[in-house]
Amino acid sequence: MTQKEGQSGRERRDSLLSILKNSKEPIKAASLAKLTGVSRQVIVQDVALLRASEEPVIATPQGYLYSTEIAPKGLQKIIYSRHSPLDTEKELNILVDHGVSVLDVGVEHSVYGKIFRPLKLKSRLDVKKFMAQMEENNANLLSSLTGGLHLHTIEAPTEEVLEQVCNALTREGFLVDFKE
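Conventions adopted
- Residues numbered from 1 in each chain as written.
- Predicted model: local features only at pLDDT ≥ 70, side-chain atom pairs only at ≥ 80, totals over all residues.
- Heavy atoms only, no water.
- Helix = DSSP H or I, 4+ residues; strand = E, 2+ residues; numbered from the N terminus.
- Buried < 20%, exposed > 50% of the residue type's maximum accessible area, 1.4 Å probe, protein only.
- Contact = heavy atoms within 4.5 Å.
- Pairing = 2+ DSSP bridges.
- pLDDT = per-residue confidence, 0-100.
- Patch = residues over 30% accessible without salt bridge, like charges linked within 9 Å, V, L, I, M, F, W, Y side chains within 5 Å.
- Areas by Shrake-Rupley, 256 points an atom, 1.4 Å probe, with all protein chains shown as cover.
- Salt bridge = Lys/Arg side-chain N within 4 Å of Asp/Glu carboxyl O.

1. Thoughts on the environment of valine 57
Along the polypeptide, valine 57 turns up in strand S1 (residues 57-60). On the accessibility criterion, valine 57 (3% relative accessible area) is buried. Along the chain, valine 57 and valine 47 lie 10 residues apart, while their C-alpha atoms are 7.2 Å from each other. Apart from residues no more than four positions distant in its own chain, valine 57 is found in contact with Leu17, Leu20, Val47, Arg51, Tyr64, Leu65 and Tyr66.

2. Notes on the pairing of strand S6 (residues 149-156)
In summary, the side chains of a regular strand alternate between the two faces of the sheet. Most of S6 is tucked away, with seven of its eight residues classed as buried. Across eight bridges, the pairing between strand S3 (residues 75-82) and S6 is antiparallel. Paired with serine 81 across the two strands is histidine 150, which belongs to S6. Pairing analysis gives five bridges linking strand S4 (residues 101-109) to S6, with the strands arranged antiparallel. For serine 101, the partnering residue across the bridge sits in S6 and is glutamate 155.

3. Things to note about the confidence of the model for the protein
The share of residues in the protein with pLDDT of 70 or more is 91%, and the mean pLDDT across the chain is 88. Of all the helices and strands in the protein, strand S7 (residues 175-179) carries the lowest mean pLDDT, 67, while helix H4 (residues 88-97) carries the highest, 97.

4. Observations concerning unusual backbone geometry
Trans peptide bonds make up most of the peptide bonds, and negative phi angles are found at most residues other than glycine. Phi at lysine 120 is positive, roughly 55°, even though this residue is not glycine. A positive phi is found at asparagine 138, a non-glycine position, where the angle reads about 50°. Along the chain, asparagine 138 turns up in the loop between helix H5 (124-136) and S6.

5. With respect to a nonpolar patch on the surface
Residues Val111, Tyr112 and Leu145 make up a contiguous nonpolar surface patch of about 350 Å² in total accessible area. Along the chain, the position of valine 111 falls in the loop between S4 and strand S5 (113-121). You can call valine 111 exposed: its relative accessible area is 66%.

6. Description of H4
Most of H4 is tucked away, with seven of its 10 residues classed as buried. By the burial criterion, the buried members of H4 are Thr88, Glu91, Leu92, Asn93, Ile94, Leu95 and Val96. Elements in contact with the buried residues of H4: S3, S4, S5, H5, S6 and helix H6 (159-171). Glycine 99 occupies a position one or two residues after H4 and carries a positive phi of about 80°.

7. Concerning the pattern of salt bridges
Applying the stated criterion to the full structure yields five salt bridges. Arginine 124 is paired through a salt bridge with aspartate 97; the nearest N and O atoms lie 2.7 Å apart. With a gap of 27 residues between them, arginine 124 in helix H5 and aspartate 97 in helix H4 connect regions that are remote in the sequence. According to the relative accessible area criterion, arginine 124 is partly exposed, its value standing at 48%. The network of salt bridges with shared partners includes Arg12, Arg13 and Asp46.

Written out as structure tokens, the structure reads:
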């Protein structure tokens, strides 16, 4: 499916929605650009327009994803954590090893305010891909803005799992606070 001569932006966005809805995996903007015959920047703009029209397209570290998950599948909590960049993979693996989904990461910066980005990490494979992407792009963690302090919205199937994962994070010295 490529950009057709004279195809309107609306038609292209409809094509994007169709591609995303039919994919079970996130798709990078560069791949969508190739599929539709436009630049990556046009895809980024199209996705912004789709989101503004309330289409549930989310950006993850692995690419764009059409998310039909409206209601949470479990209990959601916000945790505050602090650790060095070297412990990032360890923290995320503790979370997913307990059956917890890491929905996002955020910081509360004194100048920039709240900054949150979706993660949607559910497995060690997701964590491995996220860490590889950070390394490939020589990217800094959001927590580098706040001395390692950051937040995660996590989702667990039960209150017992939330308690177990928080205890595990506390044992490692990562958990700063647990908010209801």
